[in-house]
Number of protein chains: 4
Amino acid sequence: MEPRVARFSVSLDKDLLRQLDRMLREKGYRNRSLAVADMVREHLVEHRQGNDDRESVATVTLVYDHHKSHVQEALTELQHRFRGSIVSTLHVHLDHHNCLEVLVLRGKASEIRALADRLIAAKGVKHGKLTLTTTGKDLPA
Amino acid sequence: MEPRVARFSVSLDKDLLRQLDRMLREKGYRNRSLAVADMVREHLVEHRQGNDDRESVATVTLVYDHHKSHVQEALTELQHRFRGSIVSTLHVHLDHHNCLEVLVLRGKASEIRALADRLIAAKGVKHGKLTLTTTGKDLPA
Amino acid sequence: MEPRVARFSVSLDKDLLRQLDRMLREKGYRNRSLAVADMVREHLVEHRQGNDDRESVATVTLVYDHHKSHVQEALTELQHRFRGSIVSTLHVHLDHHNCLEVLVLRGKASEIRALADRLIAAKGVKHGKLTLTTTGKDLPA
Amino acid sequence: MEPRVARFSVSLDKDLLRQLDRMLREKGYRNRSLAVADMVREHLVEHRQGNDDRESVATVTLVYDHHKSHVQEALTELQHRFRGSIVSTLHVHLDHHNCLEVLVLRGKASEIRALADRLIAAKGVKHGKLTLTTTGKDLPA
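Residues numbered from 1 in each chain as written. Chains lettered and ligands numbered in written order. Predicted model: local features only at pLDDT ≥ 70, side-chain atom pairs only at ≥ 80, totals over all residues. Heavy atoms only, no water.

**Student:** Lay out the overall build of chain A with the relevant residues and their values.
**Tutor:** Looking only at helices and strands, one finds four helices and five strands in chain A. When the helices and strands of chain A are placed in sequence order, the string is β-α-α-β-α-β-β-α-β. If you line up chain A on its principal axes, its C-alpha atoms span 45 × 45 × 30 Å. In chain A, which comprises 141 residues, the proportion classed as buried is 57%. (Helix = DSSP H or I, 4+ residues; strand = E, 2+ residues; numbered from the N terminus. Buried < 20%, exposed > 50% of the residue type's maximum accessible area, 1.4 Å probe, protein only.)

Shown next, in the form of structure tokens:
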């Protein structure tokens with residue numbers, strides 16, 4: 001039996017689509033669907049890591065345009081709601097538009113991931129990345 | 001000026017699509033287009049890391065035991081030597097022994113990687129991770 | 001090369017000297033010379049703040065309620081406008097409403113003061129304080 | 001009855017003494033003892049503020065030469081000992097020698113002051129300054 005296939009449509013900024021197509025040519029993909037499937041599988045693998053109750057330490061790196069529709073308000077509101085997991089946030093003004101924020105998180109892996117997911121998914125965030133690390137306690141040097 | 005948007009369609013295995021949709025719900029995305037855009041930007045950021053003279057922004061997350069043989073001295077000496085690429089460093093005291101340090105780096109990708117490699121390889125560092133991100137300049141939201 | 005040291009004698013009211021010695025014990029100084037050297041350096045740092053084109057380093061500490069009418073937007077806009085003087089900003093979420101921000105500034109004293117004045121005067125800032133310090137260059141230890 | 005006077009001797013770096021004498025001339029002091037008495041009184045006034053159990057928030061700004069005899073080791077050891085009061089520490093590499101550190105502290109005013117005093121008094125710290133601020137809770141905007 002062949003794998004059954006579903007179709008859906010996606011809207012992207014035109015510039016972003018052009019940059020995607022150039023990358024797919026450079027990487028040698030034959031069509032966008034194969035590339036999207038690879039990206040989805042990679043994110044599923046990452047998503048399933050560290051979804052437990054162990055005490056974890058992590059950093060989240062975010063880049064966003066602070067002029068875009070309320071992105072900073074949304075990020076701040078989220079951070080105050082989850083502030084129990086946030087140690088502190090370092091903010092660097094990259095240029096007139098772009099901000100870099102690095103959050104240091106500490107708490108249950110599942111809560112850290114929940115907050116990181118929401119921050120990275122927030123509208124206006126151009127790039128976001130969760131880096132799970134260790135409290136160092138059980139790890140010999 | 002309105003952002004110009006392009007539509008295209010994607011074919012995915014039905015099971016993979018179901019798993020994607022569950023992940024997007026868990027991550028808090030409101031629709032697939034926003035999620036695909038985030039994946040595309042993340043892969044663009046990674047794809048461009050090969051271009052070594054491009055201006056890059058990165059964070060390095062380090063966990064180490066500050067009591068271990070001169071590890072802090074070594075990290076500080078390294079950081080002062082490469083200080084042209086370091087915007088600043090956030091330090092969190094995890095417990096009596098363990099320190100978390102997050103560095104924000106900006107400069108040529110090749111120099112950032114050279115510094116990150118040395119920091120992560122330093123004796124006494126238990127875990128180190130380089131997260132390359134973007135200056136945000138050429139990446140549409 | 002050994003650090004060259006000079007000795008001189010000081011006359012103080014006996015009561016004042018007793019109070020000084022009690023304070024030095026409470027502060028953890030091992031001898032009066034180290035304490036006097038610290039006082040002298042602190043007063044030198046303050047005394048030189050009058051020289052407006054000298055390169056200076058400073059921190060600004062701000063506490064504000066991020067729910068209040070656009071205070072965060074205003075602070076971010078200001079910081080991006082003056083970003084040439086800002087090294088980075090550390091943000092701590094104090095409770096559901098209150099934020100602490102510490103900015104590290106570097107540049108001409110006059111520009112640092114201009115930015116600090118605007119940040120501290122911004123509507124919604126509950127407490128703000130400029131701490132001018134030194135680049136350390138011309139100050140013996 | 002005349003106030004009884006006590007004499008004691010102080011050792012200072014020769015360059016620092018020269019800079020002190022120039023400042024005293026510029027400020028119009030007739031001799032070093034009068035200037036030292038003024039500094040001592042100013043520090044006593046500051047020392048007696050905020051020495052209680054109220055919950056406080058503060059920043060400490062430190063500038064030091066990381067090459068000087070174990071200053072960084074001493075500061076890190078102190079910070080780990082008092083880590084219950086330290087939210088996090090932002091570190092900026094000013095030049096090949098000089099470091100700026102800003103600590104965000106939260107806890108009882110008396111404990112914050114005790115830690116700040118020890119950090120500022122540590123051998124090798126060129127300039128240190130405690131800025132007491134507020135949790136924002138009882139302070140209307």
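**Student:** Tell me about the environment of Arg 7 of chain A, and name the residues and values.
**Tutor:** Take Arg 7 of chain A: it is sitting in strand β1 (residues 5–13). Here the alpha-carbon distance between Arg 7 of chain A and Lys 108 of chain A, two residues 101 residues apart in the chain, equals 37 Å. Apart from residues lying up to four places away in sequence, Arg 7 of chain A is in contact with Ser 9, Val 10 and Ser 11 of chain B. A distance of 2.5 Å separates the side chain of Arg 7 of chain A from the side chain of Ser 9 of chain B, its partner in a polar contact. Engagement of the side chain of Arg 7 of chain A in a polar contact is seen with the side chain of Ser 11 of chain B, the distance being 2.7 Å. (Contact = heavy atoms within 4.5 Å. Polar contact = N/O pair within 3.5 Å; in protein donor to acceptor, adjacent residues only side chain to side chain.)

**Student:** Explain the interface of chain A and chain B to me, using residue names and the numbers behind them.
**Tutor:** Listed by partner, the interface residues are 69 residues for chain A and 68 residues for chain B. Roughly 7000 Å² of surface becomes buried between chain A and chain B when both sides are summed, with 63% attributable to carbon and sulfur atoms. One can count four salt bridges joining chain A with chain B. One salt bridge in this structure joins Lys 27 of chain B and Asp 117 of chain A, with 3.2 Å as the shortest N-O distance. (Buried area = accessible area lost by both parts, 1.4 Å probe. Salt bridge = Lys/Arg side-chain N within 4 Å of Asp/Glu carboxyl O.)

**Student:** Can you lay out the side chain of Thr 59 of chain A for me, pointing to particular residues and giving the numbers?
**Tutor:** Here Thr 59 of chain A shows up in strand β2 (residues 55–65). At a separation of 2.9 Å, a polar atom in the side chain of Thr 59 of chain A contacts the side chain of Thr 61 of chain B. In contact with Thr 59 of chain A, not counting residues within four places along its chain, are Val 102, Leu 103, Val 104, Lys 129, Leu 130 and Thr 131 of chain A together with Thr 61 and Val 102 of chain B.

**Student:** Kindly report on the packing of aromatic side chains, identifying the contributing residues and their values.
**Tutor:** Two numbers describe a pair of aromatic rings. These are the distance of the centres and the angle of the planes. By the definition in use, this model includes zero aromatic pairs over all chains. Lying over the aromatic face of Phe 8 of chain B, Arg 32 of chain A brings its terminal NZ or CZ to 4.7 Å of the ring centre. (Phe/Tyr/Trp six-rings, centres within 6.5 Å; stacked < 30°, edge-to-face > 60°. Lys NZ or Arg CZ within 6 Å of the ring centre and 35° of its normal.)

**Student:** Provide a residue-level description of the side chain of Asp 65 of chain B, including the pertinent values.
**Tutor:** Looking at the secondary structure, you find Asp 65 of chain B in strand β2 (residues 55–65). Polar contacts involving the side chain of Asp 65 of chain B include one to the main-chain amide nitrogen of His 67 of chain B, which spans 2.8 Å.

**Student:** An account of the pattern of salt bridges is requested, with residue identities and associated values reported.
**Tutor:** A side chain of one charge can pair with a side chain of the opposite charge if their charged atoms are brought near each other. Counted according to the given criterion, the structure contains 26 salt bridges over all chains. In this structure, the salt-bridge partner of Arg 4 of chain C is Asp 15 of chain D, at a minimum N-O distance of 3.8 Å. Of this pair, Arg 4 of chain C sits in the segment before β1 (5–13) while Asp 15 of chain D sits in helix α1 (residues 14–27), which puts the two residues in different chains. The residue Glu 42 of chain C makes a salt bridge to Lys 129 of chain D at a minimum N-O spacing of 3.0 Å. Placement of the pair is Glu 42 of chain C in helix α2 (residues 32–47) and Lys 129 of chain D in strand β5 (residues 125–133), with the two residues belonging to separate chains. Residues Glu 42 of chain C and Lys 129 of chain D agree in their burial class; the two are buried. Counted as one network, the salt bridges with shared partners bring together Asp 15 and Arg 18 of chain A together with Arg 4 of chain B.

**Student:** Mind laying out the sheet that holds strand β3 (residues 86–93) of chain B, listing which residues take part and the relevant values?
**Tutor:** Either a parallel or an antiparallel arrangement is found when strands of a sheet pair, and the pairing is made through backbone hydrogen bonds. The eight strands are arranged β5(B)-β2(B)-β4(B)-β3(B)-β3(D)-β4(D)-β2(D)-β5(D) in an open sheet whose pairing can be described as antiparallel. The outermost strands of the open sheet, each flanked by one partner alone, are β5 (125–133) of chain B together with β5 of chain D. Taken pair by pair, the neighbouring strands of this sheet meet at an average axis angle of 15 degrees, ignoring direction. Note that β3 of chain B and strand β4 (residues 98–108) of chain B share seven bridges and pair antiparallel. Each bridged residue has a counterpart across the sheet, and for His 93 of chain B the counterpart in β4 of chain B is Cys 99 of chain B. (Pairing = 2+ DSSP bridges. Axes fitted to C-alpha atoms, helices over the stretch in contact; angles between N-to-C directions.)

**Student:** Give a detailed account of the environment of His 93 of chain D, specifying residues and quantitative values.
**Tutor:** Structurally, His 93 of chain D can be placed in strand β3 (residues 86–93). Beyond its immediate sequence surroundings of up to four residues, His 93 of chain D is in contact with Gln 79, His 80, Arg 83, Ile 86 and Thr 89 of chain B together with Asn 98 of chain D. Side-chain polar atoms of His 93 of chain D contact the side chain of Gln 79 of chain B, separated by 2.6 Å.

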